[in-house]
Amino acid sequence: AASADPNAAILGFVEGVNDFTRLGSAAERDAVARDFARVMARWHAIPPEKFAEIGLFVPADPEQLVGHDLAVWERGHFPLITEPVPLVTFACQWLRRNLPAMPERLVLVQGDTGPGQFLFRDGRVQAVVDWELGALGDPMRELAHIRTRDVWYPTGNLPHWFRYYSEFSGTPLDEHKIRYYSVIGMLTTALALGPVVQKLNPRDEHAEWLAQDVWSKCATVEAIAEAMGVTLDPVPLPVADRPYVQALFDTLQENLEQEQLPYIDDSFRQHRLQMDLRLLARLRNQAQIGPELEELELADLGGILGRRPRSTAEGQRALEALVRAAGTERDEELLRYFHRHARREEALMQGGMGRAAGARASPIS
């Protein structure tokens, strides 16, 4: 509860934990999954008119179903970036070109639901938290968000979550829609972080935002490929072969990890140094394989654009114009390029990805 006069908020304490990875047994993970599915089916059963009465937007067609929310994320991205991010532009266009059908019934979608967004104890859900993205939408979008959060808090039994939800709610699973909404779930991080990574704040979680931005781009491309039925090829990457550069970075890293970090008592300063070590990994990769990756990128852009750009920045600007003008006939070609591009960005963050290292979406079934 909240009050403007006096200015106050009244909060309640709920005992429980939210880190699904702390569950030690498959049986307990299954019990929590089943209970969460039961709880979600209950809030989905609330008539949507109840939420319309308090001002939630009611989408009337597929364009509004997706576009109304997507436009909010776009307003926090495109006007604030200094350089274009063609992969994000492509993904937004793909979403609008491939709109799903309206659901049989709108439900209250939490917007970022799943592991980490509820408290549990003794195999039971105690509270569902973090509702600022709540909206009326498709229940399959809710399942896609569970899949997105499964990347960060691996459930080990994601298909069970979906099956339990279908049983409790009586709503059949639509894998085609879950794959579509998975694109939105993976993309929103890159939409949100685009302006952040282009204007890094030294006092902010700089390396974490770089890592999550890279993860989101990789995950978005893979989600679109899955939805399109495209099998992506492995991406060849250069191997570091600059021993003296390697020795310099090894020395610096060892000094920081062994001579500085163990003697810092303040937990915040420990965290900040660990963040700097992740940034150091990014700089190491830039020095070790940056020139080779840039050459691969320029050659790749030349093939897409029909001419080799003078710089990657120039190439990305030209690619942005191409993406905005292209029709669906170039979707697969562009998707395959964006996959190679994202993997090269991931290579530049190797060793600094943190929890996002190797993170991939689990299969739906």
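See above for the structure.
This one's a predicted model, so the numbers in the text were calculated from it and none came from an experiment.

J.: What is the right way to read the overall build of the chain from this model?
T.: For the chain, the helix and strand inventory stands at 12 helices and six strands. Here the chain has a C-alpha radius of gyration of 22 Å; the compact-globule value for 365 residues is 21 Å, and the two agree. A principal-axis box enclosing the C-alpha atoms of the chain has dimensions of 65 × 55 × 50 Å. Counting all 365 residues of the chain, 46% fall into the buried class.

J.: What exactly am I supposed to notice about the pattern of salt bridges here?
T.: Side-chain pairs of opposite charge can arise where the charged atoms are in close proximity. Counted under the stated rule, the structure contains 36 salt bridges. Linking Arg124 and Asp35 is a salt bridge whose minimum nitrogen-to-oxygen distance equals 3.3 Å. Separated by 89 residues along the polypeptide, Arg124 in strand S5 (residues 124-128) and Asp35 in helix H1 (residues 26-44) bring together distant segments of the chain. We classify Asp35 as buried; its relative accessible area is 4%. A salt bridge links Arg284 to Asp250; the shortest N-O distance between them is 2.9 Å. A residue pair is termed long-range when its members are at least 10 positions apart, and Arg284 in helix H10 (residues 267-305) and Asp250 in helix H9 (residues 243-260) qualify at 34 residues. Residues joined by salt bridges that share partners form a network here, namely Glu222, Arg343, Glu346 and Arg360.

J.: How should the nonpolar core be read in this particular structure?
T.: The nonpolar side chains of a soluble globular protein tend to be buried, and buried together. Core analysis: the biggest nonpolar cluster contains 80 residues, and Phe36, Phe118, Trp215, Leu334 and Phe338 have the highest contact counts within it. Counting residues per element, this core draws most heavily on helix H7 (residues 175-198), which supplies 11 residues. Setting aside chain neighbours within four positions, we find Phe118 in contact with Val17, Asn18, Phe20, Val32, Phe36, Val125, Ala127, Val128, Val129 and Trp161.

J.: What is the right way to read H7 from this model?
T.: Residues spaced three or four apart along an α-helix point in a common direction, a consequence of the helix completing one turn every 3.6 residues. Over its 24 residues, H7 runs 35 Å from end to end, which matches the ideal 34 Å to within 8%, given 1.5 Å per residue. The axis of H7 is deflected most strongly, by about 35°, at Ala192, and proline Pro195 appears within four residues downstream. Judged by how many residues are buried, H7 sits mostly within the fold: 18 of 24 residues are covered.

J.: Would you mind showing me how to read the environment of Asp300 here?
T.: As for its placement among the helices and strands, Asp300 is situated in helix H10. For Asp300, a relative accessible area of 13% corresponds to the buried category. Sequence spacing of Asp300 and Pro139 is 161 residues, and the spatial spacing of their C-alpha atoms is 39 Å. At a separation of 2.9 Å, a polar atom in the side chain of Asp300 contacts the side chain of Arg344.

J.: Explanation requested: the packing of aromatic side chains in the structure shown.
T.: Describing an aromatic ring pair means giving the distance of the ring centres and the angle of the ring planes. Tallied over the full model, the rule gives 13 aromatic pairs. Relative to Phe338, the ring of Phe90 lies with its centre 5.4 Å away and its plane at 40°, an arrangement referred to as tilted. On the criterion of sequence distance, the pair formed by Phe90 in helix H4 (residues 86-97) and Phe338 in helix H12 (residues 331-348) is long-range, its members being 248 residues apart. Each member of the pair, Phe90 as well as Phe338, carries the same accessibility label: buried.

J.: Teacher, can you tell me more about the side chain of Asp331 here?
T.: Inspection of the secondary structure puts Asp331 in helix H12. Those residues within four positions of Asp331 in sequence are excluded, and the remaining contacts are Phe90, Trp94, Arg97 and Met228.

Reading the values: the criteria
Residues numbered from 1 in each chain as written. Predicted model: local features only at pLDDT ≥ 70, side-chain atom pairs only at ≥ 80, totals over all residues. Heavy atoms only, no water. Helix = DSSP H or I, 4+ residues; strand = E, 2+ residues; numbered from the N terminus. Rg over C-alpha atoms; globule rule 2.2 N^0.38 Å. Buried < 20%, exposed > 50% of the residue type's maximum accessible area, 1.4 Å probe, protein only. Salt bridge = Lys/Arg side-chain N within 4 Å of Asp/Glu carboxyl O. Core = buried A, V, L, I, M, F, W, Y, C linked by side-chain atoms within 4.5 Å. Contact = heavy atoms within 4.5 Å. Expected span 1.5 Å × (residues − 1). Bend = angle between axes of the 7 residues up to and from the residue. Polar contact = N/O pair within 3.5 Å; in protein donor to acceptor, adjacent residues only side chain to side chain. Phe/Tyr/Trp six-rings, centres within 6.5 Å; stacked < 30°, edge-to-face > 60°.

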